[in-house]
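# An overview of the molecular structure
Given next are the chains, with one letter for each unit.
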Amino acid sequence: MNPNKADNYIPAVIKTSLDLPPLWGRLAFLSPGEAELVSHFELPAGKVVALTFELGRAPFEDIRARINKALRDRDGYYNYSLVFLDPAQSELLKSAIAEAAPR
């Protein structure tokens, strides 16, 4: 997983269940198929979450992802390796990432 770099984070809301309040975290890496998420909240590997965040001017809501790997760093934050589950959502991310890329 990538080391934490505060200037590259994308704030994200993490929904784990309809009946629980949302959590927060930051995306440290984002691609159309996967992401790395940093959060102070502990979640198990294998858990499916829904992420809400903004990329450039594009808002993304309830992007479904499965936690592949969960590691805790020395500062007490959890680093999650995620894989996105919905191909249509991944295509939208692909377009937004290309649009947000520096030229």
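What comes next concerns the included structure. (Residues numbered from 1 in each chain as written. Predicted model: local features only at pLDDT ≥ 70, side-chain atom pairs only at ≥ 80, totals over all residues. Heavy atoms only, no water.)

Along its length, the protein carries 1 helix and 6 strands. For the protein, the N- to C-terminal ordering of α and β elements is β-β-β-β-β-β-α. Computed over the C-alpha atoms, the radius of gyration of the protein is 13 Å, within 12% of the 13 Å expected from 2.2 N^0.38 for a compact globule of 103 residues. Seen through its C-alpha atoms, the protein measures out along the principal axes to roughly 35 × 30 × 20 Å. Expressed as a percentage of the 103 residues in the protein, the buried residues total 35%. Counting contacts in the protein only where the partners sit at least 6 residues apart, residues at least 24 apart contribute 49% of the total. Summed over all atoms, the accessible surface of the protein reaches about 6600 Å², with 53% contributed by carbon and sulfur. Taken together, the 12 basic and 13 acidic charged side chains of the protein have centroids lying 3 Å from each other. (Helix = DSSP H or I, 4+ residues; strand = E, 2+ residues; numbered from the N terminus. Rg over C-alpha atoms; globule rule 2.2 N^0.38 Å. Buried < 20%, exposed > 50% of the residue type's maximum accessible area, 1.4 Å probe, protein only. Contact = heavy atoms within 4.5 Å. Areas by Shrake-Rupley, 256 points an atom, 1.4 Å probe, with all protein chains shown as cover. Lys, Arg positive; Asp, Glu negative; His and termini not counted. Charge placed at Lys NZ, Arg CZ, Asp CG, Glu CD.)

Bringing the side chain of Thr16 into the picture now. Looking at the element boundaries, Thr16 is found in the loop between strand 1 (10-15) and strand 2 (23-30). The exposure class assigned to Thr16 is buried, which follows from its relative accessible area of 15%. If we skip the residues at most four places from it in the chain, Thr16 touches Leu23, Leu43, Lys47, Val48 and Val49.

This next bit is on the nonpolar core. Formed by 23 residues in total, the largest nonpolar core has its most connected members in Leu27, Leu30, Leu37, Leu51, Phe53, Leu82 and Phe84. Among the secondary structure elements, those contributing two or more residues to this core are strand 1, strand 2, strand 3 (34-39), strand 4 (48-55), strand 5 (58-72), strand 6 (78-84) and helix 1 (87-100). Among residues more than four places away in sequence, those in contact with Leu82 are Gly33, Glu34, Ala35, Leu37, Leu51, Ala65, Arg66 and Ile67. (Core = buried A, V, L, I, M, F, W, Y, C linked by side-chain atoms within 4.5 Å.)

On to the pairing of strand 4. When strand 1 meets strand 4, the two strands line up antiparallel, connected through 4 bridges. Opposite Lys15, over in strand 4, you have Ala50 as the bridge partner. Pairing geometry for strand 4 and strand 5, over 7 bridges, is antiparallel. Along strand 5, the bridge assignment pairs Val49 with Ala65. Remark: 2 residues form the turn of the hairpin made by strand 4 and strand 5, two consecutive strands paired antiparallel; Gly56 in that turn has positive phi of roughly 65°. (Pairing = 2+ DSSP bridges.)

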